Amino acid sequence: MTTPSEPPRTTVKIGTRRSALALRQTELVIATLQRAHPHLTFEVHAMATMGDRDKTTPLPALGKGLWTSELEAKLASREVDIIVHSLKDMPTSLPPGCVLGCVTAREDPRDVVVFSKAHEEAGRFKMLKDLPEGAVVGTSSVRRAAQLRSKYPGLVFRDVRGNIETRLRKCDEEGFDAIILAAAGLLRLNFGGRIAQYLDSNTEGGGLLHAVGQGALGLEVREDDHQMKELLKAVEDTPTMVACFAERSVMRTLEGGCSVPIGVETAWVEEKESGEKKKKLRLRAVVVSLDGSRSVNGEKTEEITSLSQAETMGKELAQKLAGMGAQQILDDINKGRASGAALKVGDA
């Protein structure tokens, strides 16, 4: 057990996935921690998780925790002290004894369109809406495919797996017209030049709400490890953490995960109230059926000053969506899963 009276450690062991993006994200975290704690040594312990090793099974079929559970086992056994996660990969309920220690400043959370090199060089398309009927779009996310199917029923969606470099190569070499990726990963790995279009709720011809926690890093620690909790204050970004707690509360309340199409979008906005400007959190959320034929969306804007208020905000919006039909959409998806119907991105 770690207690406040335990002698302070001088070496901090950080667990992460082995992908180039995960290692880059860990480097960014360590750089900030090292500046704040120059007397400490940081060791990186990287591993390939189940989600990294299984390149063929559709992501929804692998279930929750495919990127996190093996790292969490190392955290529980004290082989590592901190885990650096892409927050969108973290289930909203963590194992006993593990907590989300902090959330770092967010990179751009939006999804983006990347066209194949052939289309880029020819200058054929500038936006997703420019693609002709029958064009092939790659994504391993049922959330992205479901939202885009509702807007572009003529497009063909095909599963594309692998790290960012692998997906970009597949886009260029394996018959895709475009792929949909997270802006954050591309920007962190200096592939921003491949981004053709950013997708958000206000995007002309392709509005898309992103994944819960997308663009943010979640740092997981043992619940009783007071030294690591104190250490992480150097990298915590409170506005991002509050917004992400609201997003995660939406998903937790709806009992969703990476296998169901729930999209969110948060922003800090200024509103006048009794002649006084107040900073408030705007939270948007959408639940879409897998074929894109049904969707339920909602929005809530409130003054939020604590994580508990953020949790309540997300829960209330989720409950509102559930009453508007979102729960029925999710129930139908779960029934399909129980009957053995696979959740697949591809049309064929």
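Computed from a prediction, not measured in an experiment: that's the story for all the values here.

1. Quick notes on the overall build of the protein chain
No. 1: A tally of regular secondary structure across the protein chain gives eleven helices and 13 strands.
No. 2: If you take every contact in the protein chain between residues at least 6 apart in sequence, the share linking residues at least 24 apart comes to 70%.
No. 3: For the protein chain, the exposed surface amounts to about 15,300 Å²; the carbon and sulfur share of it is 50%.

2. Things to note about helix α6 (residues 142-151)
No. 1: Counting buried positions along α6 gives eight out of ten residues, so the element sits mostly inside the fold.
No. 2: Of the residues making up α6, those classed as buried are Val142, Arg143, Arg144, Ala145, Ala146, Gln147, Leu148 and Arg149.

3. Let's talk about the pairing of strand β1 (residues 11-17)
No. 1: Judged by how many residues are buried, β1 sits mostly within the fold: five of seven residues are covered.
No. 2: Taking the sense of rotation as the criterion, the β-α-β connection linking β1, helix α1 (residues 20-36) and strand β2 (residues 41-47) turns out right-handed.
No. 3: The sheet contact formed by β1 and strand β3 (residues 82-86) spans two bridges and is parallel. Counterpart to isoleucine 14 in the pairing with β3 is isoleucine 82.

4. Digging into the nonpolar core
No. 1: Residues Ile82 and Leu219 are the most contacted members of the largest nonpolar core, which totals 50 residues.
No. 2: If sequence neighbours within four positions are ignored, leucine 219 has contacts with Val29, Ile82, Ile83, Val84, Val99, Leu100, Gly101, Cys102, Thr104, Leu232 and Val235.

5. Topic: the side chain of arginine 144
No. 1: Mapped onto the fold, arginine 144 is located in helix α6.
No. 2: For arginine 144, a relative accessible area of 4% puts it in the buried group.
No. 3: Setting aside its immediate chain neighbours within four residues, arginine 144 contacts Lys88, Asp111, Thr139, Ile180, Leu181, Ala182, Leu208 and Gln214.

6. Some points on unusual backbone geometry
No. 1: Not every positive phi belongs to a glycine, and arginine 78 is a case in point at roughly 70°.
No. 2: Along the polypeptide, arginine 78 turns up in the loop between α4 (69-76) and β3.
No. 3: Accessibility expressed as a relative area gives 35% for arginine 78, which makes it partly exposed.

7. A word on the packing of aromatic side chains
The description of two aromatic rings rests on the distance between their centres and on the angle between their planes.
No. 1: Counted by the stated rule, this structure contains one aromatic pair.
No. 2: Aromatic side chains phenylalanine 115 and phenylalanine 125 sit 5.8 Å apart centroid to centroid with 40° between the ring planes, which places their arrangement in the tilted category. Here phenylalanine 115, found in strand β5 (residues 111-115), pairs with phenylalanine 125, found in the loop between α5 (117-122) and β6 (136-138); they are ten residues apart in sequence, far enough to count as distant.
No. 3: Over the face of the ring belonging to phenylalanine 176 we find arginine 158, whose NZ or CZ atom lies 4.7 Å from the ring centre.

8. Describing the pattern of salt bridges
No. 1: All chains considered together, the criterion is met by 28 salt bridges.
No. 2: Aspartate 108 is paired through a salt bridge with arginine 110; the nearest N and O atoms lie 2.8 Å apart.
No. 3: Owing to a relative accessible area of 16%, aspartate 108 belongs among the buried residues under this scheme.
No. 4: One salt bridge in this structure joins lysine 278 and glutamate 303, with 3.7 Å as the shortest N-O distance. Here lysine 278, found in strand β12 (residues 276-288), pairs with glutamate 303, found in the loop between β13 (295-302) and α11 (307-338); they are 25 residues apart in sequence, far enough to count as distant.
No. 5: Taking the relative accessible area as the measure of exposure, glutamate 303 reaches 40% and is therefore partly exposed.
No. 6: Each of Arg9, Asp81, Arg222 and Asp225 takes part in one network of salt bridges that share partners.

9. A short note on helix α10 (residues 238-254)
Residues three or four positions apart in an α-helix share a direction because the helix packs 3.6 residues into each turn.
No. 1: With 17 residues, α10 extends 25 Å from end C-alpha to end C-alpha; this agrees with the ideal 24 Å at 1.5 Å per step.
No. 2: With 13 of 17 residues buried, α10 lies mostly within the body of the structure.
No. 3: Directly after α10, the chain includes glutamate 255, whose backbone phi takes a positive value near 55°.

10. What about the environment of glycine 101?
No. 1: Within the element layout of this structure, glycine 101 appears in strand β4 (residues 98-103).
No. 2: With 125 residues separating them in the primary sequence, glycine 101 and histidine 226 have C-alpha atoms 10.0 Å apart.
No. 3: Apart from the residues within four sequence positions on either side, glycine 101 is in contact with Leu219, Glu220, Val221, Leu232, Glu236 and Met241.

11. Description of the sheet that holds β6
No. 1: Spatially, β7-β6-β8-β5-β9 is the arrangement adopted by the five strands of the open sheet, whose pairing is mixed. Of all strands in the sheet, those bounded by a partner on one side alone are β7 (156-158) and β9 (197-199). Going across the sheet, the axis of each strand differs from the next one's by a mean of 30°, ignoring polarity.
No. 2: With three bridges joining them, β6 and β7 adopt parallel strand pairing. By the bridge assignment, valine 137 is partnered in β7 with phenylalanine 157.

12. Quick look at the pairing of β4
Consecutive side chains of a regular strand alternate in pointing toward one face of the sheet and then the other.
No. 1: In terms of residue burial, β4 counts as a mostly covered element, since five of its six residues are buried.
No. 2: With five bridges joining them, β4 and strand β10 (residues 217-222) adopt antiparallel strand pairing. In the sheet register, cysteine 102 faces β10, and the bridge partner there is leucine 219.

13. Notes on the environment of leucine 100
No. 1: The residue leucine 100 is located in strand β4 in this model.
No. 2: Relative accessible area serves as the criterion here: at 14%, leucine 100 is assigned to the buried category.
No. 3: Taking C-alpha positions, leucine 100 is 5.9 Å from leucine 219, a pair spaced 119 residues apart along the chain.
No. 4: Those residues in contact with leucine 100 that lie beyond four places of it in its chain are Leu87, Met90, Leu94, Gly218, Leu219, Met241, Phe245 and Arg248.

Cut-offs and rules
Throughout this description, residue numbers start from 1 for each chain and increase along the sequence as written. In keeping with the predicted nature of the model, local features appear solely for residues at pLDDT of at least 70, side-chain atom pairs appear and are counted solely at 80 or more, and the whole-chain, interface and lining totals rest on all residues. Side-chain numbers here rest on the full set of heavy atoms in the structure, without hydrogens or water. Going along the chain from the N terminus, every DSSP run of H or I of four or more residues is numbered as a helix, and every run of E of two or more is numbered as a strand. The criterion used for residue contact is that any of the two residues' heavy atoms lie within 4.5 Å. Each accessible area is a Shrake-Rupley estimate made with a 1.4 Å probe; only the visible protein chains count as cover when residues are assessed. The rule is simple: take the accessible area with a 1.4 Å probe, protein chains only, and divide by the maximum for that residue type; under 20% is buried, over 50% is exposed, in between is partly exposed. By convention, orient the strands away from the viewer: a clockwise path from the first strand over the helix to the second makes the crossover right-handed. Only strands that DSSP links by at least two bridges are regarded as paired with each other. Definition used in this section: a nonpolar core is a set of buried Ala, Val, Leu, Ile, Met, Phe, Trp, Tyr and Cys residues joined via side-chain atoms within 4.5 Å. Classification of ring pairs rests on two measures: the distance between centres of Phe, Tyr or Trp rings, Trp counted by its six-membered ring, which must be within 6.5 Å, and the angle between planes, read as stacked under 30 degrees, edge-to-face over 60 and tilted in between. Think of it as a cone above the ring: NZ of Lys or CZ of Arg counts as a charge over the ring if it is within 6 Å of the ring centre and within 35 degrees of the ring normal. A pair is scored as a salt bridge if a Lys or Arg side-chain nitrogen falls within 4 Å of a carboxyl oxygen belonging to Asp or Glu. Multiplying 1.5 Å by the residue count of a helix minus one yields the expected span of that helix. Think of each axis as a best-fit line through the C-alpha atoms, taken over the contacting stretch in the case of a helix, with angles from 0 to 180 degrees between the N-to-C directions.

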